[in-house]
Amino acid sequence: MGPGHIRALLERCGSARSPAHHLNRFARRIPAALAAALLCSTVLAADGATDTGTEAVTDTFSDTFSDTFSDTFTDILNYAIKRQPLATALLQYAEQSNLQIMFRSEQLPELTVAPLHGAYSRTEALEHLLHTSGLSYRFGGGQVLVVYRDPARQRLKTIKPAPAAPAVQTVPRDSAIEEVLVTGIRSSLARSLSIKRHADAAVDAITAEDIGKFPDQNVADALQRIPGVSVDRIWGEGRDINIRGTDKNVNRTLLNGQNVASAYWWADDNPSRGFNYSILASELVASLEVHKSPQADVDEGSIGGTVIIRTRKPLDLAAGTLRTSLEQQYSELPDQWDPQAAALFSWKNTAGTFGALASFNLQKRQLRRDGLEAFPDHALYTLTEADGNLIEGVRVPWGLGSAIFQQERRRRSANLTLQWAADPHWDIAFNAVLTHMDMDNSNQNYLALPGAFKLNEIPPVPVSAAQIGTSDGVRTLLGGTFGNADSPGAALDAIFRDAYVETASYDLDMNYDADGWRSHWQMGVTRAKGGSDHDRRYRFIGDTQLSYAIGPRRLAFDFPDLDPRDPAALQRLSSDSRDWIREMRDEEFYLQGDLSWAFDKLPFINRIKVGAKWRDHTIENNRTVGSVDTAHADWPAAQAIGLDQVSAGLTPHLHRKTASAGSLTQYAWADRNRLAQSLQPLFDRGLLSYRYDTDAFYRINERILGAYIKADIETNRLSGNIGMRAVHTKQGAAAYQNTQLTRHLRPYHNYLPSLNLAYKLARNLTLRTALARVMARPNFQDLTPGIIIDATNGTAAGGNPHLEPVRANQFDLAIEWYFAEASVLSAAYFRKDIAALVTTRTLPETLAGQTLNVTRPYNGAGADIQGIELQWQQDLGRGFGVTSNYTYTDASVTAGAGGETATLPGNSRDQLNSSVYFENRHFSARLSYNYRSDSFGGLNAGSQDVTEAYDQWDAAISWTPTPRLSVHLEGVNLGNEPIYFRTASGVPQGFYENGRRFIIGISLNI
């Protein structure tokens, strides 16, 4: 709005007085935040104007703001701002000053500011940051700071800490302010882009405001908004991540630069080199960084990329900061409302030398997942048709089921950070993060068992109307009818687990900054454990014939001789009932130290960093098995207990979106309390016999010593780093072979060079390139020296402690155009040449004098990955904006020595993320869309696991009536999209429906 528009508006209101007169009266009555907005529009209007009315308007605001706000900006605050680019330093300054900030990034000079630690007024601290920048500033209403280019400004001398109270500056009338107020979503996106823009490597980031504004309740769901990152939603929310087409096990997650231990609760999950994001509360996180090109001083172990989670520090926040939130979450399938609460308090002394931060998060959540499931069998069967014809070499599902999974989660997370900065040189921080998650759950599955029961009878039951499908050379029975109504064909597996996951990390981080050099030391321990105190399976069986029909999106089965809705149809308890007590442990101790020196006279090189790191990492897996003792005196009584004696009636109606003709959508199920009353007394008297399962045990220990050197490169246009990381690993593996504990030791070395360069083609146009050699260690369970022999069929299975790490050479090339504030248009090309992928093969071996076919993991196939990432982010004006990215990944796998062919595990060819948002002073809204094409897993039953293409809509709305109070509503999986999981040959494995979720909450900031 120009000055002419202002006068016209006043004239239409019937005024004969000057615009300055009316604005002067009005300005003294308006709220502070509105005054700040008027300041911005007034200065914009004043750019280049010579109208006397406009001059009077500017003078009016100068007088008004000086009278109202000058005292506020002379208060003494404590600052802890590290050496960094001016843009990120200004954002950190605004956060520590509790200010909103306006600036145009194109106007900022390319300079790095000196660190600032101590007690200063807001004005003094800002003068320090802007020293030699040629920029000026204006404090306005509503905690607003305007930074702008001032050609007339003289270079200022470095300030000293003193509580002076300089007068508040006014905005020169010939200065151009080309920015609008930066708040909320836009502020967070600008902060994230600033990290990306000024990074020395290929890095994408999300700040805490992003996580709060995205419709994401966990960190993995937020990470999927980053180009090249996809998540596994098999349990309804993000748990594991894949980066640039690589599997979760070759992508590491670090907490404040160090490993964070992780564990799982499910019996089918193994200890992983990935991270279980479901245990991490987003409220604990300050920022997330995805490093796609390595640097020598960042831990090795990732092929796709490394995620660094950064937590908050008290000296970065205003003293007395208190943030609380209360939420209620509605989950559609269980039809339950569940509470969640979070609180964060940060304190620091008046000198700004010591601070403490504590946060706590409590979440309760009811989950339900409906699943139509099929379980492929690795065996090859010979089928007998009704006319006696034999069909050899056919795969038949072990079983098919209709399942309902229910879980009650109770997560408690806490973070304590103590920070001490005795003087501008020292910065010492102790950080503790603890999470405990109770995950008690049940899974009830009504099963048809052709492979498990009918084909294991002697002789096997004949098959009629057999439908054989062939895909990729794999012959599979896709449908048929199995006779013999007098043998078991149906079962209900009622599984009840007392499950848990917990993790703890304790870290001490010490930094000393001197003139020209810096020392850094970090040490700590991280521990995790997970599993189940009990994993009880009660199996009830019934005699019947069965028929089934399966396809990529079809799973149907039928029992001619029983009704699944009748609990009396399953007449007895099976001796396959059991109990598992399982615990996995993950523990690491670490110690890191490095030194860096700044150089003024070396060409290209402005800093050299050297360091070393020691890690002692141990993974252990244990299981105790409780099996039914059929010789026990109580077994006849237990076997006679049928489902009708412990039934809870009928399940809810299941599979609303995944059922096809013939799918089982309702059946009789068991009641946990009745099971305990009827069977637990018998189990306690010894009917269930417990033993330690030596076959499940393994312990992997890795003692890792790394040393690195990195040189930072900086010229007028070129920046980056070049480095080398040398790593020595001493691997120890222990497991049982035929009840004897076996240990295996093996050392190996890796040398990992890296180069990252960024060249400024123009002020807002950056060209990046990176070259590196990377490595990822094998999965823990693959390294076990244990072996399990099945003497009945002459086979065995085991691990391979001789496995080599997966290694890759990678290349990155990207161009980034930052064409406007909080806006970017970029394209990146990446390529990875991977060697020695781990594949499973079966080869003859001589064990204990016998020649057996032994299945083990081996280094074999290689893979080539290449792809592009496109990113568009823009503030469209009038409160609207868009963020969008697309990733294309082409991954080809070289045939291994055994002739295996597969698509690279973890890869999806196409990924798309897009969000549109609107935001004004009191209201914000965001609608987000995520798409991922087919993704691939490991080999299974002669084929490869495939999760079909998946897309999801999420939304978030927020109302902020005051700067301290916010009310928000979020919706997750608005379309209730199901997940389809199958083999590449078309055999279904699971059709899962998790339902919609809605969250309503209120947040208070003090």
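As recorded in an unreviewed UniProt entry, the protein goes by TonB-dependent receptor and comes from Exilibacterium tricleocarpae. Per UniProt, the protein carries the Subcellular location (unreviewed entry) text "Cell outer membrane". As recorded by UniProt, the Sequence similarities (unreviewed entry) comment attached to the protein reads in full: "Belongs to the TonB-dependent receptor family."

K.L.:
Is there a simple way to explain the pairing of strand 17 (residues 354–375) in this structure?
P.N.:
Remark: a regular strand shows side chains that alternate across the two faces of the sheet. Here strand 16 (residues 336–348) runs beside strand 17; their pairing, made up of nine bridges, is antiparallel. Counted as the bridge partner of Ala342 is Asn361 from strand 17. Direction of pairing for strand 17 relative to strand 20 (residues 399–420): antiparallel, over a ladder of 22 bridges. Bridged to Gln363 within strand 20 is Arg411.

K.L.:
Quick question: what am I supposed to make of the confidence of the model for the protein here?
P.N.:
Segments scoring low in pLDDT should not have their predicted coordinates read at a detailed level. The predicted model of the protein averages 84 in pLDDT, with 86% of residues at 70 or higher. Across the protein, strand 32 (residues 668–670) holds the top mean pLDDT of 98, while helix 4 (residues 52–69) sits lowest at 37. Here residues 154–183 is a poorly scored stretch, pLDDT under 50, and it has 80 contacts once near neighbours within four places are set aside; other chains count.

K.L.:
What is the right way to read the pattern of salt bridges from this model?
P.N.:
Any two side chains of opposite charge can pair if their charged atoms end up close together. Going through the model one piece at a time under the given rule, you end up with 56 salt bridges. Where Arg996 meets Glu332, a salt bridge forms, and the shortest distance between an N and an O atom there is 2.7 Å. Of this pair, Arg996 sits in the loop between strand 53 (988–993) and strand 54 (997–1005) while Glu332 sits in the loop between strand 15 (321–331) and strand 16; the two residues are 664 residues apart in sequence, bridging distant segments of the chain. One salt bridge connects Asp934 with Arg982, and the closest N-O pair in it is separated by 3.8 Å. Here Asp934 is found in the loop between strand 47 (923–932) and strand 48 (935–940), whereas its partner Arg982 is found in strand 52 (residues 979–983), with 48 residues between them in sequence.

K.L.:
Explain the sheet that holds strand 23 (residues 474–482) here, please?
P.N.:
Taken together, four strands build an open sheet; the order of strands is 22-23-26-27 and the sheet is antiparallel. A strand with exactly one partner marks an edge of an open sheet, and here the two such strands are strand 22 (463–471) and strand 27 (554–558). Adjacent strand axes in the sheet meet at a mean angle of 20 degrees when their direction is disregarded. For strand 22 and strand 23, the ladder comprises seven bridges, and the chain directions are antiparallel.

K.L.:
Would you mind showing me how to read the sheet that holds strand 11 (residues 252–255) here?
P.N.:
Hydrogen bonding along the main chain pairs the strands of a sheet, whether they run parallel or antiparallel. If you trace the five strands from one edge of the open sheet to the other, you get 8-13-14-11-12, paired in mixed fashion. The two strands at the open ends of the sheet, each matched to only one other strand, are strand 8 (203–207) and strand 12 (258–259).

K.L.:
Could you clarify how one ought to interpret unusual backbone geometry in this entry?
P.N.:
For the bond from Ile458 to Pro459, the omega torsion is -10 degrees, close enough to zero to count as cis. Relative to the helices and strands, Pro459 is located in the loop between strand 21 (426–448) and strand 22. Positive phi values are uncommon outside glycine, yet Arg244 reaches one of about 50 degrees. Mapped onto the secondary structure, Arg244 falls in the loop between strand 10 (240–243) and strand 11. Phi is positive for Arg878, which is not a glycine, with a value near 55 degrees. Relative to the helices and strands, Arg878 is located in the loop between strand 44 (863–877) and strand 45 (880–893).

K.L.:
Where do I start with the packing of aromatic side chains in this structure?
P.N.:
How two aromatic rings sit relative to each other is given by the distance of their centres and the angle of their planes. In this structure the tally under the stated criterion is 20 aromatic pairs. Aromatic pair Trp265 and Phe405: ring centres 6.0 Å apart, planes at 20 degrees, arrangement stacked. Taken together, the residues span a long stretch of sequence, with Trp265 in the loop between strand 12 and strand 13 (285–291) and Phe405 in strand 20 at a distance of 140 residues. Judged by relative accessible area, Trp265 falls into the buried class, the value being 6%. On the basis of relative accessibility, which here comes to 2%, the residue Phe405 falls in the buried class. Taken together, a centroid distance of 5.3 Å and an interplanar angle of 55 degrees make the contact between Tyr446 and Tyr667 tilted. Of the two residues, Tyr446 is situated in strand 21 and Tyr667 in the loop between strand 31 (647–650) and strand 32; the sequence distance between them amounts to 221 residues. Ring pairs connect the aromatic residues Tyr446, Phe557, Phe559 and Tyr667, which therefore count as one cluster. Sitting over the ring of Trp580, Arg623 keeps its end group 4.6 Å from the ring centre.

What counts, and at which threshold
- Residues numbered from 1 in each chain as written.
- Predicted model: local features only at pLDDT ≥ 70, side-chain atom pairs only at ≥ 80, totals over all residues.
- Heavy atoms only, no water.
- UniProt positions renumbered as here; feature names shortened; annotations may be inferred.
- Pairing = 2+ DSSP bridges.
- Helix = DSSP H or I, 4+ residues; strand = E, 2+ residues; numbered from the N terminus.
- pLDDT = per-residue confidence, 0-100.
- Contact = heavy atoms within 4.5 Å.
- Salt bridge = Lys/Arg side-chain N within 4 Å of Asp/Glu carboxyl O.
- Axes fitted to C-alpha atoms, helices over the stretch in contact; angles between N-to-C directions.
- Phe/Tyr/Trp six-rings, centres within 6.5 Å; stacked < 30°, edge-to-face > 60°.
- Buried < 20%, exposed > 50% of the residue type's maximum accessible area, 1.4 Å probe, protein only.
- Lys NZ or Arg CZ within 6 Å of the ring centre and 35° of its normal.

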